[in-house]
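Fold and contact review
One-letter residues, chain by chain:
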Amino acid sequence: MMQIFDAEICYQEYCELEFDSGEEWESVSLGNDEDWDTPVFFIRTYEF
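Overview of the structure. Quick caveat, the model's predicted, so the values are computed rather than measured. (Residues numbered from 1 in each chain as written. Predicted model: local features only at pLDDT ≥ 70, side-chain atom pairs only at ≥ 80, totals over all residues. Heavy atoms only, no water.)

**A look at the overall build of the chain**
Counting secondary structure elements, the chain contains 1 helix and 2 strands. For the chain, the sequential pattern of α-helices and β-strands runs α-β-β. For the chain, the residues scored as buried account for 8% of the 48 residues in total. Roughly 4,800 Å² of accessible area belongs to the chain as shown, and the carbon and sulfur atoms make up 53% of that amount. (Helix = DSSP H or I, 4+ residues; strand = E, 2+ residues; numbered from the N terminus. Buried < 20%, exposed > 50% of the residue type's maximum accessible area, 1.4 Å probe, protein only. Areas by Shrake-Rupley, 256 points an atom, 1.4 Å probe, with all protein chains shown as cover.)

Below is the structure:
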């Protein structure tokens, strides 16, 4: 894949698949949720 797409696209797609597909990760935005340029962090949530 790295030969077809650049690293940024590959990492972005991997992160989207890894973090958005399951229920154990929750996204935390540092700004406006409507702004696509706002940094987003992911935290792992656990059920006790």
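Additional details are given in the paragraphs that follow.
**What about the environment of Val 40?**
Relative to the helices and strands, Val 40 resides in strand 2 (residues 40–44). It is 5.6 Å that separates the C-alpha atoms of Val 40 and Val 28, two residues lying 12 residues apart in sequence. Setting aside residues up to four positions removed in sequence, Val 40 forms contacts with Ser 27, Val 28 and Ser 29. (Contact = heavy atoms within 4.5 Å.)

**What to know about a nonpolar patch on the surface**
Together, Val 28, Leu 30, Phe 41 and Ile 43 make up a nonpolar patch on the protein surface, roughly 370 Å² of accessible area in all. Assignment of secondary structure puts Ile 43 in strand 2. (Patch = residues over 30% accessible without salt bridge, like charges linked within 9 Å, V, L, I, M, F, W, Y side chains within 5 Å. Salt bridge = Lys/Arg side-chain N within 4 Å of Asp/Glu carboxyl O.)

From the geometry alone we can't say anything about function, so treat these as descriptive.
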